[in-house]
Amino acid sequence: RSAPERRVDRALIERARACFLQACWLDVAVRKPGNVSLASAGHRMQADMFLASAQAAVGPLFAPGERVGDRIEGAMAATWAAVGCNTNLGILLLCAPVAAAVEREGAGSSVAALRGAIDAVMRSLDVADARAAYRAIAQANPGGLGDAPAQDVHEEPTVGLREAMSLAASRDRIAQQYASSHADLFDIGRSAWPSGFVLGVHPAGEPPDAATKAAVQRVFLGFLGVIPDSHIVRKHGEAVAQTVMTSAHAWRGHSSPDDESSFASLDESLKARGINPGTSADLTVATLMIASLLGPQWHGT
């Protein structure tokens, strides 16, 4: 069907909005080494800035019928108006294609259906999406981005957003998700998920229980422990990213790392050195959004 004829599941869109807000809440409600949380501020930012960003971004991000690039640009503009800095560019880049995908018929019926819907969205991205996304990236002005030999973010793109992101995929894990249709979320993120645990949709702000905390930390450590965090690589180099990855890998498999004082010590140590595994955190937020959106289907096929 063409877009005007497609039946849109309004209840699924509302559920996705709630899942996004919940994922952003869990991002700061649960301690994740090197990231800002309610337990520990860092990188000149406070947890409430991330929560304000989510509330500001959710409207543009889930605006019915909008292109992915427009969702990203609108959500970043709203974020900037709310907090005046970049708290969520990676989250917006990852979640905008999911937000567009849930408007496709059957997208919420299974893991396979949502993956297919996301892939269809990625394949539909055009140069207008790229230009809007580039404007959002320019406004966010993320640190350590550097220059690229082709389709540099400081210049107006001439190819579609997926193609532009594919050119950066080797050095940016979020860009790689556009090339792979979010493969890391469904493969690494899902494989790290605790067996049998279902993340329901709860009001953002509700304190997470022990099982939810453990799930968030397992997913985060699942990413950080197997992939050199590309945000760390950009700002501190490959060697530092590898060292952090090794530290995180040692925590994988711990059922309740939050109970260990050395887990908090790792968090504070990373912040003291200005090391922020931001890419791993962004991938975690998007995984949490999808996991709660699909509920028990997250364990399906």
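Everything that follows concerns the structure shown earlier in this document.
Everything quoted here is computed from the prediction, not taken from an experiment.

(A) Main features of the pattern of salt bridges. This model, assessed by the stated rule, comprises 15 salt bridges. In this structure, the salt-bridge partner of Glu103 is Arg71, at a minimum N-O distance of 2.8 Å. Placement of the pair is Glu103 in the loop between helix 4 (89-101) and helix 5 (111-124) and Arg71 in helix 3 (residues 68-83), with a sequence separation of 32 residues. The class of Glu103 is buried, set by a relative accessible area of 9%. A salt bridge links Asp187 to Arg115; the shortest N-O distance between them is 3.4 Å. A residue pair is termed long-range when its members are at least 10 positions apart, and Asp187 in helix 9 (residues 183-191) and Arg115 in helix 5 qualify at 72 residues. Among the residues examined, Arg115 registers a relative accessible area of 29% and is labelled partly exposed.

(B) How the structure looks around the state of the cysteines. Enumeration over the complete set of coordinates arrives at zero disulfides. Its sulfur unpaired, Cys85 is 14 Å from the next cysteine sulfur, which belongs to Cys24. Free of any disulfide, Cys95 has its nearest neighbouring cysteine sulfur in Cys24, separated by 6.4 Å. A relative accessible area of 0% places Cys95 in the buried class.

(C) The arrangement of unusual backbone geometry in detail. The backbone phi angle of Arg44 is positive, close to 65°, even though this residue is not glycine. With respect to the helices, strands and loops of the structure, Arg44 is situated in the loop between helix 1 (10-29) and helix 2 (47-61).

(D) Geometry of helix 13 (residues 261-272). The first and last C-alpha atoms of helix 13 sit 17 Å apart over twelve residues, in line with the 16 Å expected at 1.5 Å per residue. Among the residues making up helix 13, those that are buried are Phe263, Leu266, Asp267, Leu270 and Lys271. For helix 13, the buried positions fall inside an angular range of 130° around the axis, keeping them on one side. Relative to its buried face, helix 13 has exposed residues pointing more than 90 degrees away, namely Ser261 and Ala272. In this structure, the buried residues of helix 13 make contact with helix 10 (210-224) and helix 12 (238-251). Immediately downstream of helix 13, the backbone of Gly274 shows phi near 70°, a positive value.

(E) Structural detail: the environment of Ala286. Position of Ala286 relative to the elements: it lies in helix 14 (residues 278-294). Between the alpha carbons of Ala286 and Gly189 there is a distance of 9.3 Å; along the sequence they are 97 residues apart. Not counting chain neighbours up to four residues away, the residues in contact with Ala286 comprise Leu94, Cys95 and Leu185.

(F) Expanded view of the packing of aromatic side chains. Scanning all chains against the criterion turns up five aromatic pairs. Where Phe186 meets Trp298, the ring centres are 6.0 Å apart and the plane angle is 50°; that geometry is what we call tilted. Here Trp298 lies in the segment after helix 14 and Phe186 lies in helix 9, a separation of 112 residues in the sequence. For Trp298, a relative accessible area of 1% corresponds to the buried category. Residues Trp251 and Phe263 carry aromatic rings whose centres are separated by 5.0 Å and whose planes lie at 70° to one another, so their mutual orientation is edge-to-face. Here Trp251, found in helix 12, pairs with Phe263, found in helix 13; they are twelve residues apart in sequence, far enough to count as distant. For Phe263, a relative accessible area of 1% corresponds to the buried category. When the ring centre of Phe220 is taken as origin, the NZ or CZ atom of Lys32, which lies over that ring, is 5.7 Å away.

(G) A look at empty space enclosed by the protein. Summed over the entire model, instances satisfying the criterion amount to two cavities of 30 Å³ or more. In this structure, the largest cavity encloses a volume near 50 Å³. Counting residues per element, the ones that place at least two in the lining of the largest cavity are helix 1 and helix 2. Ranked by residue count, the leading element in the lining of the largest cavity is helix 2, at four residues. A class-by-class count of the residues in the lining of the largest cavity yields five nonpolar, three polar and one charged. Of the volumes computed, that of the second largest cavity is approximately 30 Å³.

Rules behind the numbers
Residues numbered from 1 in each chain as written. Predicted model: local features only at pLDDT ≥ 70, side-chain atom pairs only at ≥ 80, totals over all residues. Heavy atoms only, no water. Salt bridge = Lys/Arg side-chain N within 4 Å of Asp/Glu carboxyl O. Helix = DSSP H or I, 4+ residues; strand = E, 2+ residues; numbered from the N terminus. Buried < 20%, exposed > 50% of the residue type's maximum accessible area, 1.4 Å probe, protein only. Disulfide = S-S within 2.5 Å. Expected span 1.5 Å × (residues − 1). Arc of directions from axis to C-beta. Contact = heavy atoms within 4.5 Å. Phe/Tyr/Trp six-rings, centres within 6.5 Å; stacked < 30°, edge-to-face > 60°. Lys NZ or Arg CZ within 6 Å of the ring centre and 35° of its normal. 1 Å grid on protein atoms, 1.4 Å probe; cavity = no way out; pocket = protein on both sides within 12 Å on 5 of 7 lines; lining within 4 Å. Points joined across faces, edges and corners; volume = space filled by probe spheres on them. Nonpolar A, V, L, I, M, F, W, Y, C, P; charged D, E, K, R; others polar.

Coordinates in, geometry out; function isn't part of it.
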